[in-house]
Amino acid sequence: MKKITNETYINWYKDMLFWRKFEDKLAALYIQQKVRGFLHLYNGQEAVLAGALHAMQPNDKMITAYRNHVQPIGLGVDPRRIMAELLGKETGTSHGLGGSMHIFSPEHNFYGGHGIVGGQIPLGAGLAFADKYFGGDGVTLTYFGDGAARQGSLHETFNMAINWKLPVVFICENNGYAMGTSVERTANHEDIWKLGLGYEMPCGPVDGMNPIKVAEAMHEAIERARRGDGPSFLEMKTYRYRGHSMSDAQHYRTKDEVNEYMKIDPISQVLDVIKEKKYATDAEIKDWDKEVKRKVEECQKFAEDSPFPDKQLLYDIVYEQKDYPFLKHR
């Protein structure tokens, strides 16, 4: 695995803080009704992405569910375009037509953003199958939540992936709740990673609040897949500080529970190391914080200043039959 250096910690801190503040800004814009529809925020789960990015290679792919704003940013998508997409603007990643749950950037190896619970699990295996079939050396990271782990499509996909030794890593981001239903109420076991045992698939739990633990586990699983030894299944034990979506009143948990998890916040853990090992001065850290704030404001300005897509676009994104006899073109 690439060495974890002082520069790694600094980049982790800057990136995770930016992702957190980016999501916080979206929450504020949602309250102002500038972001419409559903909005699922990633606050608290940043270490899962930070650690994975450290272990990935340029040809590796990523696919996830609907909590998907910061992953493409981590993979190199311009965050201004992400925010524009969320505001429904022409300059967004899908010209404002996809919205919160459907960020997509194949040029950056990010394949969504899927609103159907568990729908991305077989798609991730399909991406991995394509790599194997065409002789690529990429590995597909397929993310899903603890609720999606109860979908039948997971079992069908696990069975085919292990049978065909597909270069895929399955990652369950277990943040404790499927919408408002706790993990302990969805099955007679709480260790979701054990689902891999039935397929003799390498599997195990990972501290999803610590980017180092995530990076180590992801590196091992990714390189196993790249060697041709098949898939792995990792359960990232993490936590989300905000509700399932912005419309979630969170009656199913207490503030004390959230505060307990905030004591092991991934951003604070990384910052503590930076301070303890004197990787940066207090003044430098303050400058980073100001820069993050400036970048978020720049994203907001770009998105708000961008135009809405032209109505004509509605006709250009659907199937068109040239000789359709009942309705003239457009």
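Residues numbered from 1 in each chain as written. Predicted model: local features only at pLDDT ≥ 70, side-chain atom pairs only at ≥ 80, totals over all residues. Heavy atoms only, no water.

S.K.: Explain the sheet that holds strand β2 (residues 140-145) to me, using residue names and the numbers behind them.
M.R.: The strands that make up a sheet are held in pairs by hydrogen bonds between backbone atoms, and each pair lies either parallel or antiparallel. In space, the five strands of this open sheet follow the order β1-β2-β3-β7-β6, with parallel pairing throughout. The sheet is open, and its two borders are formed by β1 (61-63) and β6 (203-207), each paired with just one other strand. Pairwise comparison of adjacent strand axes, ignoring direction, gives a mean angle of 25 degrees for this sheet. As paired elements, β2 and strand β3 (residues 168-174) share six bridges and run parallel to each other. By the bridge assignment, Y143 is partnered in β3 with I171. (Pairing = 2+ DSSP bridges. Helix = DSSP H or I, 4+ residues; strand = E, 2+ residues; numbered from the N terminus. Axes fitted to C-alpha atoms, helices over the stretch in contact; angles between N-to-C directions.)

S.K.: Could you give an account of the pairing of β2, naming the residues involved and the relevant values?
M.R.: The element β2 is largely enclosed, with a buried count of five among its six residues. The pairing of β1 with β2 spans three bridges and is classified as parallel. When the bridges of β2 are listed, I63 appears paired with T142. With respect to chirality, the unit in which β2 leads through helix α6 (residues 152-164) into the neighbouring parallel β3 is right-handed. (Buried < 20%, exposed > 50% of the residue type's maximum accessible area, 1.4 Å probe, protein only. Right-handed = clockwise from strand over helix to strand, strands pointing away.)

S.K.: Break down the pairing of strand β7 (residues 232-237) for me, with residues and values.
M.R.: Along β7, five of the six residues are buried, which leaves the element largely enclosed by surrounding structure. Bridging between β3 and β7 involves six bridges; their strand directions are parallel. Among the inter-strand pairings, E173 is bridged to a residue of β7, identified as M236. Relative to β7, β6 is paired through five bridges, and the arrangement is parallel. Each bridged residue has a counterpart across the sheet, and for G204 the counterpart in β7 is L234.

S.K.: Provide a residue-level description of the packing of helix α1 (residues 6-31) against helix α9 (residues 266-276), including the pertinent values.
M.R.: In contact at an axis separation of 9 Å, α1 and α9 are set at 150 degrees when each is read in the N-to-C sense. In terms of orientation, α1 lies roughly antiparallel with respect to α9. For the pair α1 and α9, the sense of crossing is left-handed. In this structure, α1 contributes Y9, I10, W12, Y13, M16, L17 and R20 to the contact, and α9 contributes P266, I267, V270, L271, V273 and I274. (Parallel < 35°, antiparallel > 145°, perpendicular 65-115°, else oblique. Left-handed = near helix turned anticlockwise from the far one by under 90°. Contact = heavy atoms within 4.5 Å.)

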